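Given next are the chains, with one letter for each unit.
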Amino acid sequence: VGRLDEAVVLKRRVYARRVATLGPMHPETIRNGVNLTYSLWAMRLLDETRSLGDQLRPAARQTLGADHDLTLALNQNLASTLVVNPEHTRNDLLEAENLMKDVVQRRRRVFGPEHPGTRLAETTLSNVRALLALRSASA
């Protein structure tokens, strides 16, 4: 607790080592990359979170599949990154909404409507839609 900056340094090293030894498409490399994005997000290093997430998404989708929990979590983290960025645009919110619609649909089908991950995704989608409505009302 309170040592997130140190954790990010270590997670960056681990991820870099995994890329160098296992390659970017290996499931463990992807897992370490996703873990790094969580920590970067928590520190509000949003540009780096988005950049790494954008790099990981094709590998996660190809290696793990579009319905894999880690792929879905990565997409949800990217949507959250777009939303919490204080400089987000309407297009960012629309991208987040599209990501979350896909995540919710897949989570419902794969894990069921009562799964905690599905419920969290539904809440995230609702929050994105509320922000879009608020932005439209103030425009």
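What you see is a predicted model; the values in this text were computed from it and never measured.

Before going further, it helps to examine the confidence of the model for the protein. Of all residues in the protein, 99% have pLDDT values of 70 or greater, and the mean over the chain is 95. The secondary structure element of the protein with the lowest average pLDDT is helix H6 (residues 116–138), at 94, and the one with the highest is helix H5 (residues 90–111), at 97.

It is worth spelling out the nonpolar core at this point. Ranked by size, the top nonpolar core spans 15 residues in total, and within it Ala96 and Met100 carry the most contacts. Sorting the residues of this core by element identifies helix H4 (69–84), H5 and H6 as the ones contributing at least two each. If you tally residues by element for this core, the top one is H5, at six residues. The contacts of Met100, once residues within four sequence positions are left out, are Gln76, Ala79, Ala121, Thr124 and Leu125.

Moving on to helix H3 (residues 46–63). For H3, which comprises 18 residues, the first-to-last C-alpha distance of 25 Å matches the rise-based estimate of 26 Å (1.5 Å per residue) to within 8%. Residues of H3 that are buried include every one of Leu46, Thr49, Leu52, Gly53, Leu56, Ala59 and Ala60, and no others.

Here is what the cut-offs are and how they apply
Residues numbered from 1 in each chain as written. Predicted model: local features only at pLDDT ≥ 70, side-chain atom pairs only at ≥ 80, totals over all residues. Heavy atoms only, no water. pLDDT = per-residue confidence, 0-100. Helix = DSSP H or I, 4+ residues; strand = E, 2+ residues; numbered from the N terminus. Core = buried A, V, L, I, M, F, W, Y, C linked by side-chain atoms within 4.5 Å. Buried < 20%, exposed > 50% of the residue type's maximum accessible area, 1.4 Å probe, protein only. Contact = heavy atoms within 4.5 Å. Expected span 1.5 Å × (residues − 1).

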